[in-house]
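Remarks on the overall topology
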Amino acid sequence: MDFTKDDQEILGELINIAFGSAVVQIADLFDRFAKLHVPSIELISPQKLGVYFEGKIDQEGYTYLTTQRFNGNFCGETLFFVNENSARNILNLVYEASELDSIDVDSSEIKESLLEIANILGASCVGKLSELLESAVTFAAPKINEKTSILSILKTLAESSYDSVIFVKTILEFEDEQISGDLFILSRSDSIEWLRDALNSFMESYS
Amino acid sequence: MKILVVDDSGVSRKMLIKSIPENIREKCEIFQAENGLEAVEKYKSDSPDIVFLDLTMPIMDGYEALKEIIEYDPSAIVFVISADIQQKAKERVLELGASGMESKPIKPEKMTSIFYYLMDVIDKKLD
């Protein structure tokens, strides 16, 4: 991937800002206070995704993967990957304790709650990143995939034309709930080229 | 004038410093710190007139650093610049004694107005 160390540092800082904005949206929506953590950001090749996910599924009980496509100057797909425990914590975030007592909590509730959070997180993060770079993106509806279909989804993604992955390792810490998740932003070479130019233009505005 | 810029991100510190109007920047002595602990130590050793402080940092976060700086010097002028734009975060830093808070990233035109505001805060403290 053709990113200099400076490009990566600027991208890291802008994703930090964009991620903060996304977490704040979730906190406001559910009237919770979020403690922001510095997300760890890494640029990886799509070929590494399969090995990474296999390990997470086998060793850490990761069970849910959401996917969402976005289009614009910067286009691609976001993946949000969480384990069962974090998925249940998302449920606790979305529903009040009193509501949890009265609803039949099954996997469909967990999936709906996870989709809601993944949608806000991915769309706000990528949307804010694009906004900071003076562009805009549109989003398709997010989809959720369970453990049994994750590897086949990844196989499809590996065979698609994505060239690069921005890997954002996240912790969403609210007053009572902690959600650990991995956010991946997949994009093609033309988008990465646009992103690199936009990052340089962004920094030029400070020179 | 002495300014202390505190952020764990080198790019963020660079952006903030470059956003300071040139006519002010050239008259300033600018120090940098990468985390809250370093910020508290530099505040005590260098006595800056203004501190620009991030909140989300390793080792010691901005809330703790702000608390320690204000405990050490209740008249310290600390302006928080953070990706955390929650109303509760703003209320908390103001309660801790921050002079103000703005969301990242700070564009040069925004920094100019922050400086006008901070000059006013300094004048009022001198009166």
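Scope of this entry: the structure provided in the associated data block. Numbers given for residues are sequential positions, taken from 1 along each chain in its written order. Note on labels: chains are lettered from A, ligands numbered from 1, in written order. Local features in a predicted model are, by the rule used here, given only for residues with pLDDT of at least 70; side-chain atom pairs are given and counted only at 80 or more, and totals for whole chains, interfaces and linings are based on all residues. To get the side-chain values, all heavy atoms of the structure are used, and hydrogens and water are removed first.

A short note on the overall build of chain A
Along chain A, the regular secondary structure elements total 7 helices and 8 strands. In terms of overall size, chain A behaves like a compact globule, its C-alpha atoms giving a radius of gyration of 17 Å where 207 residues would be expected to give roughly 17 Å. Counting only C-alpha atoms and orienting by the principal axes, one finds that chain A spans roughly 55 × 35 × 30 Å. Here chain A, with 207 residues, has 52% of them falling under the buried criterion. Should any heavy atoms of two residues lie within 4.5 Å, those residues are counted as being in contact. For chain A, long-range pairs separated by at least 24 residues make up 75% of all intrachain contacts whose partners lie at least 6 apart in sequence. Counting only carbon and sulfur atoms, one obtains 44% of the accessible surface of chain A, whose full area is about 9,300 Å². Under the scheme used here, helices are H or I runs from DSSP no shorter than 4 residues and strands are E runs no shorter than 2 residues, and both carry numbers assigned from the N terminus. It is over C-alpha atoms that the radius of gyration is taken, and the globule rule equals 2.2 Å times the number of residues to the power 0.38. Remark: exposure states derive from per-residue accessible area (1.4 Å probe, protein chains only) relative to the maximum for the residue type, with buried under 20%, exposed over 50%, and partly exposed in between. Here, Shrake-Rupley sampling with a 1.4 Å probe gives the accessible areas, and only protein chains in the shown set may cover a residue.

What about the pattern of salt bridges?
Side-chain pairing between opposite charges can occur once the charged atoms of the two side chains come close. Residue and element names in this part refer to chain A. By convention in these notes, a salt bridge is any Lys or Arg side-chain nitrogen within 4 Å of a carboxyl oxygen on Asp or Glu. Tallied over the entire structure, the rule returns 13 salt bridges over all chains. Between Asp-182 and Lys-169 there is a salt bridge whose closest N-O contact spans 3.4 Å. Highlighted residues: Asp-182 in strand S8 (residues 178–187) and Lys-169 in strand S7 (residues 164–174), separated in sequence by 13 residues. On the accessibility criterion, Asp-182 (1% relative accessible area) is buried.

A closer look at the pairing of strand S5 (residues 100–103) of chain B
Residue and element names in this part refer to chain B. By the convention used here, strands pair only if DSSP detects at least 2 bridges between them. Both strand S4 (residues 78–82) and S5 contribute to a ladder of 4 bridges, which runs parallel. Paired with Phe-79 across the bridge in S5 is Gly-100. Whether a crossover is right-handed comes down to one check: with the strands pointing away from the viewer, does the path from the first strand over the helix to the second run clockwise; if it does, it is right-handed. Of the crossover connections in this fold, the one passing from S4 over helix H5 (residues 87–96) to the parallel S5 is right-handed.

Considerations on the nonpolar core
Counting residues in hydrophobic clusters, the biggest one holds 55 residues, and the most contacted among them are Leu14(A), Ile26(A) and Leu195(A). At 11 residues, helix H1 (residues 5–29) of chain A tops the list of elements feeding residues into this core. Among residues more than four places away in sequence, those in contact with Leu195(A) are Phe3(A), Leu11(A), Phe74(A), Leu133(A) and Ile166(A). In terms of nonpolar packing, the next biggest core, distinct from the first, is built from 25 residues, Tyr43(B), Leu66(B), Val78(B) and Ala98(B) among them. Throughout, nonpolar core names a set of buried Ala, Val, Leu, Ile, Met, Phe, Trp, Tyr and Cys residues whose side chains join them through atoms within 4.5 Å.

Regarding the interface of chain A and chain B
Residue-level contacts link 24 residues of chain A with 24 residues of chain B. Taking both partners together, chain A and chain B bury about 2,000 Å²; carbon and sulfur atoms supply 64% of that area. At the boundary of chain A and chain B, one finds 1 salt bridge. Two residues, Lys104(B) and Glu13(A), come together in a salt bridge whose shortest N-O distance is 3.0 Å. The term buried area refers to how much accessible surface (probe radius 1.4 Å) is lost by two components on association, counted for both of them together.

Regarding unusual backbone geometry
Put simply, Lys104(B) and Pro105(B) share a cis peptide bond, and its omega is -10 degrees. Of note, the phi angle at Asp31(A) is positive, near 50 degrees, even though the residue is not glycine. If you trace the backbone, Asp31(A) turns up in the loop between H1 and strand S1 (34–35). Although it is not a glycine, Ser47(B) adopts a positive phi angle of roughly 45 degrees. Along the chain, Ser47(B) turns up in the loop between helix H3 (36–46) and strand S3 (50–53). The class of Ser47(B) is partly exposed, set by a relative accessible area of 48%.

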